[in-house]
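Next come the chains, spelled out residue by residue.
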Amino acid sequence: MTHPAPRFPGRRAGLLLAIALCPLLACPSARARDGGEVREVRESRAQRDAREARDQADRERSREADREARDAARSSGKDSGGGDRSGGGGGGSDGGGAAPAASGSARSSGGGETDAAKAKADADKAQAKRTEEADKQAADAAKEAAKEAEDAAKDAADAAEDEAKDAEHGDDRIDLVADDRLRSGEPLAVEHGLDGRERIAGEVLMIDRSAAVARVQAAGYRLRSERPVPGRDETIARVQLRAGQTVEQALRQLQGIAPQGLFAPNHVFRPSQVDPGRDAARLVAPAVKLPASAASVPAAGNGRPFSVGIIDTGADLAAAPIAAAVSRSRSFVGSDYLPRGHGTLVAEIAAAGGARLALADVFGADADQRLVAPADAIAAAIAWLIDERAGVINISIEGPDNPVMGLMVRRALAAGIVVVAAAGNGGPAAPPVYPAAYPGVVAVTAIDGRDQVYRRANRGPYISFAAPGVNVVSSAGSFGGQPVSGTSFAAPAVAATIARDLRGDASSAADAVLARLRAAARDLGAAGYDPVYGWGAVGVGSAAVAPVVPPPR
């Protein structure tokens, strides 16, 4: 008796094999065609990485499906062959064994079909899982590639912004190149310390009693310069390093020689301004033009010869807005007092606010002809202004925390002097700058004619007040009469405002003046105090900050 053949196990295996091989036979050519078309278009990195991930996933699925189809075909073939052998054995028996043999053959055939179906189901399930995993991997790869592309675009944007910022701030040389006397002077050697801060190379700064300075010299150290502190038995000295010695090594050794002394690197400071001309090309807010002559300059009062001491570059003493307002001037870097645009404009703003002035020139130039102010010069200038009984000291300079300069600032505050400083132009995320960030110092940020904070101004809890300092135009010709911006030019307007209201010599008088100024300030930004505008705008509408509309270009 013949037995029914298994139900197409060979066909099913072949069909499975054909289905499994289809991606290998058909897809590569399709992908080749697609790839040829896509490669004609310039792909982004994210698109290319995603496409490669998908192609790899397709190849893995095809190979795995091929292997499982072959395994299923072999398994089905074995089950089919076993059924045939059972049928043959039944044929050699008597009629009584024929029906059981046939039934066994059918069961064998049915078992083969069941196993093949199960194998196919398992293969489909495994393939679906692998497809899901491959799709997830491709999606992850595409996401990662997109993130890398986004990061690269952000890095490029940041680099472009940094480049624009460098171009906007310039390098402070525009005010120096025309000064032949500066070129003939010896440049200051500037280096970066281990902390990245700029400092004068080959020396450290100290302040101590004269006897301690003498002990340092007796130990074999040479002094590059020394300045006695007025009214005190103290000296501010620049100590030259020994051969092969680092600043850090010298600081440790010198502290052992003079334990009561204060030692620090001689850090350098920069003006808080931007390059003129850059803002002139970007003049979107009304300019601030200063009057051609100073406001009426009253006597400083309380026996003071002046009301505001300005620590900056030298100013042009012949400029009409300044000439009538200056009481005295002095250089603390080298022997020459050198007028430059930055100090001239700062003095012009203070004079326009009615202040009588004492001017301290603390700036030299580095090897690149950029303005630099060493900490020893700033500290010595503060000591001079304390001795001269200043009511207010304006410092439109920014730099790192320097212990010697910080000591002199604290002494000025203790003497009842109001210290006003530029908040800095490092940008909203920049760290605090000094002396503005010292406790008790009035830190001033800059705003434009629309009461918007200067986009490069520092921010933080040390900001005290805001004043106009964007697109300021000098009437004395500083910076070629072009608009300039920076917190440097906001600070002197506040200093002049404080000086007008300051009475008495005690520190309580200064506190009372500042309390009145906080109450009178025009609130900007968030209600009350905020780290962008401080207590608000001061000096708006005064003669020092009268807005004008720039001429059309």
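Cut-offs applied
Every chain is numbered independently, its residues counted from 1 as its sequence is written. In keeping with the model being predicted, local features are shown solely for residues with a pLDDT of at least 70 and side-chain atom pairs are shown and tallied solely at 80 or more, while totals for entire chains, interfaces and linings include all residues. Excluding hydrogens and water, the side-chain values take into account all heavy atoms of the structure. When a carboxyl oxygen of Asp or Glu is within 4 Å of a side-chain nitrogen of Lys or Arg, the pair counts as a salt bridge. Numbered from the N terminus, helices here are DSSP runs of H or I no shorter than four residues, and strands are runs of E no shorter than two. Burial classes follow relative accessibility: with a 1.4 Å probe on protein chains only, a residue under 20% of its type's maximum area counts as buried, one over 50% as exposed, and anything between as partly exposed. The arc in question is the one traced by the directions running from the helix axis out to the C-beta atoms. Here, two residues are considered to be in contact whenever any of their heavy atoms come within 4.5 Å of each other. For two strands to be treated as a pair, DSSP must find no fewer than two bridges joining them. Expected span of a helix: the number of residues minus one, times 1.5 Å. Each Phe, Tyr or Trp ring, with Trp reduced to its six-membered ring, pairs with another whose centre is within 6.5 Å; inter-plane angles below 30 degrees give stacked pairs, above 60 give edge-to-face pairs, and intermediate values give tilted ones. Criterion for a charge above a ring: Lys NZ or Arg CZ within 6 Å of the ring centre, and within 35 degrees of the ring normal. Angles here are taken between N-to-C directions and fall from 0 to 180 degrees, while the axes themselves are lines fitted to C-alpha atoms, restricted in helices to the stretch in contact. By convention the crossing between two helices is left-handed if the near helix lies anticlockwise of the far one by an angle smaller than a right angle, and right-handed if it lies clockwise. All amino acids are sorted into three groups, where Ala, Val, Leu, Ile, Met, Phe, Trp, Tyr, Cys and Pro are nonpolar, Asp, Glu, Lys and Arg are charged, and the leftover types, Gly among them, are polar.

Caption draft 1: Summary view of the pattern of salt bridges. Per the stated rule, a full pass over the model turns up 14 salt bridges. With a shortest N-O distance of 2.7 Å, glutamate 203 and arginine 224 are connected by a salt bridge. Linking glutamate 203 in strand 2 (residues 198-209) with arginine 224 in strand 3 (residues 223-228), this pair joins segments that are 21 residues apart in sequence. Exposure remark for glutamate 203: the relative accessible area of 1% places this residue in the buried category. Its salt-bridge partner being arginine 328, residue glutamate 388 comes within 2.4 Å of it at the nearest N-O pair. Residue glutamate 388 is located in the loop between helix 9 (375-387) and strand 12 (392-395), and its partner arginine 328 is located in strand 8 (residues 326-331); the two are separated by 60 residues in the primary sequence. Owing to a relative accessible area of 28%, arginine 328 belongs among the partly exposed residues under this scheme. Taken together, the shared-partner salt bridges in this structure form one network comprising Glu191, Arg199 and Glu248.

Caption draft 2: Just helix 5 (residues 210-218), in detail. For helix 5, every residue scored as buried is listed here: Ala212, Val213 and Val216. Here the buried residues of helix 5 occupy an arc of 100 degrees about the axis, which is enough to place them on one side. Close packing links the buried residues of helix 5 with strand 2, strand 3, strand 4 (234-240) and helix 6 (247-257). Taken from the residues just after helix 5, glycine 220 is the one with a positive phi, measuring 105 degrees.

Caption draft 3: Spotlight on the pairing of strand 16 (residues 463-468). Here strand 16 lies mainly inside the structure; 6 of its 6 residues are buried. By the bridge criterion, 5 bridges tie strand 15 (residues 442-447) to strand 16 in an arrangement that is parallel. Residue pairing in the sheet places valine 444 in a bridge with phenylalanine 465 of strand 16.

Caption draft 4: Representation of helix 8 (residues 341-352) in the model. With 12 residues, helix 8 extends 16 Å between its outermost C-alpha atoms, agreeing within 8% with the 16 Å of an ideal straight helix rising 1.5 Å per residue. Of all 12 residues in helix 8, 12 are buried; the element is thus mostly enclosed. Taken as a whole, helix 8 has its buried residues at Gly341, His342, Gly343, Thr344, Leu345, Val346, Ala347, Glu348, Ile349, Ala350, Ala351 and Ala352. Of the residues flanking the end of helix 8, it is glycine 354, one or two places downstream, whose phi is positive at about 90 degrees.

Caption draft 5: Structural context of the packing of aromatic side chains. Counted according to the given criterion, the structure contains 4 aromatic pairs. The ring of tyrosine 221 has arginine 242 sitting right over it, with the charged end atom 4.2 Å from the ring centre.

Caption draft 6: Just unusual backbone geometry, in detail. In this chain, tyrosine 434 is followed by proline 435 through a cis amide linkage whose omega measures 15 degrees. Counting through the fold element by element, proline 435 comes out in the loop between strand 14 (418-422) and strand 15. A positive phi angle is found at glutamine 369, which is not glycine, with a value near 60 degrees. A relative accessible area of 16% means that glutamine 369 is categorised as buried.

Caption draft 7: Structural detail: the pairing of strand 4. The buried fraction of strand 4 amounts to 6 of the 7 residues, a majority that puts the element mostly inside the structure. Where strand 2 lies against strand 4, 7 bridges are found, and the strand directions are antiparallel. The residue bridging arginine 209 from the neighbouring strand is glutamate 234, located in strand 4. As defined by bridge partners, strand 3 adjoins strand 4 across 5 bridges and the pair is classed as antiparallel. Each residue of the ladder has a partner; that of glutamate 226, found in strand 4, is alanine 237. Connecting the antiparallel pair strand 3 and strand 4 is a turn made up of 5 residues, with glycine 231 showing a positive phi of about 80 degrees.

Caption draft 8: Region of interest: the side chain of threonine 487. Examined against the element boundaries, threonine 487 turns out to sit in the loop between strand 17 (472-473) and helix 11 (491-501). The buried category is assigned to threonine 487, whose relative accessible area is 0%. Threonine 487 has contacts with Ser272, Ala422, Ala423, Gly424, Asn425, Val444, Thr445, Ala446 and Ala457, leaving out every residue within four places of it along the chain.

Caption draft 9: Geometry of the sheet that holds strand 16. Here 7 strands make up an open sheet; going across it, the order is 8-9-7-12-14-15-16 and the pairing parallel. Each edge of the open sheet is held by one strand with a lone partner, namely strand 8 and strand 16. Along the sheet, successive strands turn relative to each other by an average axial angle of 25 degrees, direction set aside. Sheet topology note: the strand 7 (residues 308-312)/strand 12 ladder contains 4 bridges and is parallel.

Caption draft 10: Summary view of the packing of helix 8 against helix 11. Where helix 8 meets helix 11, the closest approach of the two axes is 8 Å, and the angle between their N-to-C directions is 35 degrees. In the packing of helix 8 onto helix 11, the handedness of the crossing is right-handed. Facing helix 8, whose interface residues are Val346, Ile349 and Ala350, helix 11 presents Pro492, Ala493 and Ala496. Of the residues contributing to the contact of helix 8 with helix 11, the split by class is 6 nonpolar, no polar and no charged.

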